Amino acid sequence: MKKNTKYLIASLACVAVLGAAALALVLTGGSEGEDTASSASDETITLLDKTQQDLESVTVTNEEGTITVLAHEETVESSSDAASSDASDASGTESESEPETEIVYEVEELEGLPFNTSDVDAIARAGYLVAANRSIGTVDDPEEFGLTDPTLTVEATFRDGSTFSYIVGVENNGAYYIQPEGSEEVYMGSVSSALFKSAYDLADTSLYQLETETDDSAAGSTAQATGTATDSAIFDTIHLSGTAFDQEVDIEYDSEIGYLMHEPRETEADTTRIGEITSALTSLSADALILPHPEEDELAQYGLDNPAVVCDFTSGGQAYTLTLSDTDADGNRYLIYSGIDAVFQIANSTVTAWADADPFLLQSTLTLLPNIVDVHTMELTMNGETYSFTIDRTVNEEDSTEDDTVYDYTVTSGDGTALDYEENFKHFYLALISITVSEDTQDMPEGEPALTCTYTYQDKPGSDTIEYYRVSDRRYAIVENGQLMGLALSDDVDLAMQDLELLYSGQDVPDVY
């Protein structure tokens, strides 16, 4: 058996005398306020009164199958031991203290997987603390009380070699019929709902919880300012693949810019959609355990041998992998999480943000977007004609401070004609950078572009070029630095071309945005 998940209970507290309040738990003792399958009365008849230290195992057999909870002691170093050790080191003398022990539970059927501690605690109590509300004496027809084919059977073994067993019959007015083994007397009492579950129902289906962080990148700051930021972790990388993805998705976080897409296109990621993904990935809980420790040949029956989705991501220096099957007719998927060796079931609605992500929709609809104050020259070609602009800047001494330099800008055309920077040029520039990607395409355009713009910059070397190719009456293909980005609406491109002619001819450029 692989390393067992342990449920720790301080033994010193367990040694305390069980008073009337404990007996009022009636049968299998849920704690105060715990969900039970039926309620307790004011009377208490003790059927078994032992402690956690006495218990070796308890086995529950119900309609769902068998649950076996094993108990053993472990020695631990208490905080007082540590303090005593520190004091001994300081004084140079050894100090002896009695070691503390803890009761450790494990669920045999879960084979070391994490479990719901409150449920397992209730099942363990069913093996060492049993009480009833009242006795109804002997019965002539046990079948009438559900005792010939009991609802569940509880069998406890103890460290001294003794055993105690009882059966639970049908429910009657909020209580269950209970009969200890070897006794003809029948009792009525409460039963914890945990005893009616399957062993797999006891599994802890909380897979992981990442620490949330504030995204201080440019995109993150914008999202915070507009109220669209999500409460999520920072993901260094996110990679989506599998049979559901014709194109793999590769996303990386840049602390200055935000999330960048590297595949299938090199561009910024759409802030809203990437926020939905990071929010969904920050914590994850499955709905049910299906199979602990699956073998390779068992994955096929769950659609995990050739998975529909594989999500690899890193956050906080840790790597994670989520593997998903296709969605079934009930809207569920099978899931493997790299941190737990098991197959789980999860609702598709829980994972749809990343499992059903459209690679095209994950890219920003914006293309080349230079800040106007960073641009030094623009050279445009439209229908065979060339249009050039030079933007010069001078320091505004009056408005500048030691920490902030303010510039005044002027723009001239290729023949040296001064143009209106604040109105006409800005209106044209806004129309140009407002051309967005509206549809996906994988068809690289042929021929000559209808419009080309090449930018150079005030404070950095190099240039960027964006091209617009007419591919239909209503669409232009956008190519940015040689990379096909998608299709733009013809109305947007045509408007920028019209504004370019107006600007270059010295006419007013309308502000349509």
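Structure's up top.
This one's a predicted model, so the numbers in the text were calculated from it and none came from an experiment.

A closer look at the packing of aromatic side chains
Okay, so step 1: Per the counting criterion, the structure on display carries 20 aromatic pairs.
Okay, so step 2: Taking 4.7 Å as the distance between ring centres and 80° as the angle between the ring planes, the aromatic pair formed by Phe 145 and Tyr 177 counts as edge-to-face. You can see Phe 145 sitting in the loop between β7 (134-137) and β8 (152-158) and its partner Tyr 177 sitting in strand β10 (residues 175-180), a full 32 residues away along the chain. Both residues of the pair, Phe 145 and Tyr 177, count as buried.
Okay, so step 3: Geometrically, the ring pair formed by Phe 425 and Tyr 429 is tilted, given 6.1 Å between the ring centres and 35° between the ring planes. Linking Phe 425 with Tyr 429, this pair stays in helix α9 (residues 421-433), spanning four residues, or about one helical turn.
Okay, so step 4: A relative accessible area of 1% means that Phe 425 is categorised as buried.

Considerations on the nonpolar core
Okay, so step 1: By size, the foremost hydrophobic cluster in this structure holds 79 residues, and its most contacted members are Ile 238, Leu 281, Phe 313, Leu 322 and Trp 354.
Okay, so step 2: Top contributing element to this core by residue count: helix α4 (residues 117-128), with six residues.
Okay, so step 3: Discounting chain neighbours no more than four positions away, the residues touching Ile 238 are Val 249, Asp 250, Ile 251, Ile 274, Ile 277, Thr 278, Leu 281, Cys 311, Asp 312 and Phe 313.
Okay, so step 4: Residues Leu 368, Phe 425, Phe 428 and Leu 500 belong to the second largest nonpolar core, which totals 38 residues.

What about a nonpolar patch on the surface?
Okay, so step 1: Residues Leu 430, Val 512 and Tyr 513 make up a contiguous nonpolar surface patch of about 270 Å² in total accessible area.
Okay, so step 2: Here Leu 430 is to be found in helix α9.
Okay, so step 3: For Leu 430, a relative accessible area of 32% puts it in the partly exposed group.

Let's talk about a negative patch on the surface
Okay, so step 1: On the surface, a cluster of negative charge is made up of Glu 63, Glu 64, Asp 140, Asp 141, Glu 143, Glu 144, Asp 149 and Asp 201.
Okay, so step 2: With respect to the element layout, Glu 144 can be found in the loop between β7 and β8.
Okay, so step 3: Taking relative accessible area as the criterion, Glu 144 reaches 57% and is therefore assigned exposed.

Let's talk about the pattern of salt bridges
Okay, so step 1: Enumeration over the complete set of coordinates arrives at nine salt bridges.
Okay, so step 2: The salt bridge involving Lys 197 is made with Asp 119; its shortest N-O contact spans 2.7 Å. In this pair, Lys 197 sits in the loop between β11 (186-189) and β12 (206-209) while Asp 119 sits in helix α4, placing the two residues 78 residues apart along the sequence.
Okay, so step 3: Residue classification places Lys 197 among the partly exposed residues on the basis of a relative accessible area of 26%.
Okay, so step 4: Here Asp 494 and Arg 470 are joined by a salt bridge, their closest N and O atoms 3.2 Å apart. Note that Asp 494 is positioned in helix α10 (residues 490-504) and Arg 470 in strand β28 (residues 463-470), a separation of 24 residues in sequence.
Okay, so step 5: The partly exposed category is assigned to Asp 494, whose relative accessible area is 22%.

Describing the pairing of strand β9 (residues 163-172)
Remember that side chains alternate between the two faces of the sheet whenever the strand is regular.
Okay, so step 1: Strand direction decides the pairing type here: β8 and β9, joined by six bridges, are antiparallel. Bridging from a neighbouring strand, Leu 152 pairs with Val 168 of β9.
Okay, so step 2: Where β8 folds back on β9, the antiparallel hairpin that results is connected by four residues, among which Gly 161 adopts a positive phi of roughly 95°.
Okay, so step 3: With five bridges joining them, β9 and β10 adopt antiparallel strand pairing. Across the sheet, residue Val 168 finds its bridge partner in β10, namely Ile 178.
Okay, so step 4: The hairpin turn running from β9 into β10, its antiparallel successor, is two residues long, and Asn 173 in that turn takes a positive phi close to 55°.

How each quantity is defined
- Residues numbered from 1 in each chain as written.
- Predicted model: local features only at pLDDT ≥ 70, side-chain atom pairs only at ≥ 80, totals over all residues.
- Heavy atoms only, no water.
- Phe/Tyr/Trp six-rings, centres within 6.5 Å; stacked < 30°, edge-to-face > 60°.
- Helix = DSSP H or I, 4+ residues; strand = E, 2+ residues; numbered from the N terminus.
- Buried < 20%, exposed > 50% of the residue type's maximum accessible area, 1.4 Å probe, protein only.
- Core = buried A, V, L, I, M, F, W, Y, C linked by side-chain atoms within 4.5 Å.
- Contact = heavy atoms within 4.5 Å.
- Patch = residues over 30% accessible without salt bridge, like charges linked within 9 Å, V, L, I, M, F, W, Y side chains within 5 Å.
- Areas by Shrake-Rupley, 256 points an atom, 1.4 Å probe, with all protein chains shown as cover.
- Salt bridge = Lys/Arg side-chain N within 4 Å of Asp/Glu carboxyl O.
- Lys, Arg positive; Asp, Glu negative; His and termini not counted.
- Charge placed at Lys NZ, Arg CZ, Asp CG, Glu CD.
- Pairing = 2+ DSSP bridges.

This is a description of form; function is not addressed.
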